[in-house]
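Letter by letter, the chains look like this.
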Amino acid sequence: MTAQPFALNHMTTPGLPLDAFFELAKSLGITSVEIRNDLAGNAILDGTPAKDVAALAAIHGITIISINALQRFNEWNSARQKEAEELIAYARDCGAKALVLVPVNDGSGQADGERQANLHEALAALKPMLESAGIIGLVEPLGFEICSLRSKTEAVEAIKATGGEQTFRLVHDTFHHHLAGEPATYPDMTGLVHISGVTDGRIAVSDLRDSHRVLVDQNDLLDNVGQIRSLRAEGYAGPLSFEPFAAEVHEVADPAAAIKQSMDHIRARI
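A. View of helix α5 (residues 152-161). All of the buried residues along α5 are K152, E154, A155, V156, A158 and I159. Close packing links the buried residues of α5 with α4 (114-133), β5 (136-139), β6 (168-173) and α6 (174-180). Backbone nitrogen of T153 and a side-chain oxygen of the N-cap are separated by 3.1 Å at the start of α5; the cap is S151. Positive backbone phi, approximately 65 degrees, marks G163, located one or two places after α5.

B. Here's a closer look at the packing of aromatic side chains. Per the counting criterion, the structure on display carries 3 aromatic pairs. On the basis of an interplanar angle of 40 degrees and a centroid distance of 6.0 Å, the ring pair of F21 and F22 is categorised as tilted. A single burial state applies to F21 and to F22, both of which are buried. Note on F144 and F175: the rings are 6.0 Å apart at their centroids and 70 degrees apart in plane angle, and the pair reads as edge-to-face. Taken together, the residues F144 in the loop between β5 and α5 and F175 in helix α6 connect sequence positions 31 residues apart. Grouping residues by exposure puts F144 and F175 together as buried.

C. Focus on the nonpolar core. F22, I35, I67, F73, L126 and V139 are the most contacted members of the largest nonpolar core, which has 65 residues in total. Counting residues per element, this core draws most heavily on α4, which supplies 7 residues. Beyond its immediate stretch of four places on either side in the chain, I67 contacts I35, I44, L87, Y90, A91, C94, A96, A98, L99 and V100. Counting 17 residues, the second largest nonpolar core, distinct from the first, contains C147, V171, L179 and L208.

D. Structural detail: the pairing of β5. Pairing analysis gives 4 bridges linking strand β4 (residues 98-101) to β5, with the strands arranged parallel. Bridge assignment links L101 to a residue of β5, and that residue is V139. After leaving β4, the chain enters α4 and then returns to the sheet as β5, a path that is right-handed. Looking at chain direction, β5 and β6 are connected through 3 bridges and run parallel. For V139, the partnering residue across the bridge sits in β6 and is L170. Crossover handedness for the path β5 to α5 to β6: right-handed.

E. Spotlight on the pattern of salt bridges. Tallied over the full model, the rule gives 17 salt bridges. Residue E83 is joined to R80 by a salt bridge in which the shortest nitrogen-to-oxygen separation is 3.3 Å. Taken together, the residues E83 and R80, both in helix α3 (residues 78-94) and 3 residues apart, mark about one turn of the helix. Note on E83: relative accessible area 26%, which makes it partly exposed. We note a salt bridge from D200 to R202, for which the minimum N-O separation is 2.8 Å. In the salt-bridge network here, residues are joined through shared partners; they are R36, D38, D173, D210, R213 and E243.

F. Region of the structure containing α4. For α4, spanning 20 residues, the distance from its first C-alpha to its last is 29 Å, which sits close to the expected 28 Å at 1.5 Å a residue. Of all the bends in α4, the greatest, near 30 degrees, is centred on L126, and the proline P128 appears no more than four residues after it. Those residues of α4 that sit buried are L119, A122, L123, L126, K127, M129, L130 and A133. At the C-terminal side of α4, G134 shows a positive phi close to 70 degrees.

Calculation criteria
- Residues numbered from 1 in each chain as written.
- Predicted model: local features only at pLDDT ≥ 70, side-chain atom pairs only at ≥ 80, totals over all residues.
- Heavy atoms only, no water.
- Buried < 20%, exposed > 50% of the residue type's maximum accessible area, 1.4 Å probe, protein only.
- Helix = DSSP H or I, 4+ residues; strand = E, 2+ residues; numbered from the N terminus.
- Contact = heavy atoms within 4.5 Å.
- Polar contact = N/O pair within 3.5 Å; in protein donor to acceptor, adjacent residues only side chain to side chain.
- Phe/Tyr/Trp six-rings, centres within 6.5 Å; stacked < 30°, edge-to-face > 60°.
- Core = buried A, V, L, I, M, F, W, Y, C linked by side-chain atoms within 4.5 Å.
- Pairing = 2+ DSSP bridges.
- Right-handed = clockwise from strand over helix to strand, strands pointing away.
- Salt bridge = Lys/Arg side-chain N within 4 Å of Asp/Glu carboxyl O.
- Expected span 1.5 Å × (residues − 1).
- Bend = angle between axes of the 7 residues up to and from the residue.

As structure tokens, this is what we get:
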């Protein structure tokens, strides 16, 4: 099989300025990246204009595959609409292909019936906004027990119910897929795969948090390799985007070497 294209989420090295982050990606042979709107002192939060991000990406030969993320997207209100308008415009103007959509994750909006209705409302509102800008909406179910959208099946049903098959895709996050415990995957509806590992076996699945997410290696407990193999076998051919949140990854002295080691580990097994 041909080598799977890797991508790099800025959460892998959140302390690097955007220019250095793009340089790091290119040094690893990676040309696809995700930028974020939640990194203090860094683009996008520092006010960097979208056109400057686009110019920087062009200089480095980088494709911005997503902005991560519109938070609480399935709690649709006037504030969310304004935030969505601004992020979609930024995505369009910086050349990003997609906007990640993250659901409410605080224990609210979980009731059966309520969560589906909220999801439908948000997708229906986002659909014309995304289509007008030529941006894909990447719906990311989260596995946390307090999340209002844990099920890929519910996400797919809502996408189809709103006629959004050309506008929306799923994010298959290997960490959240493991936590959710839902066996169903939808490779044909998947637009992006987020990869990260967990190596601390002392922690119950229900107690796992973003802070436990490291680079994938031989000690991974989430079966990243198995998940990737399964998605590939069923037709997924898109990017595998590194998204570790653990402080020990962010503080590593040589991030390029650490990421390359993880890339090599995965490539050798898929």
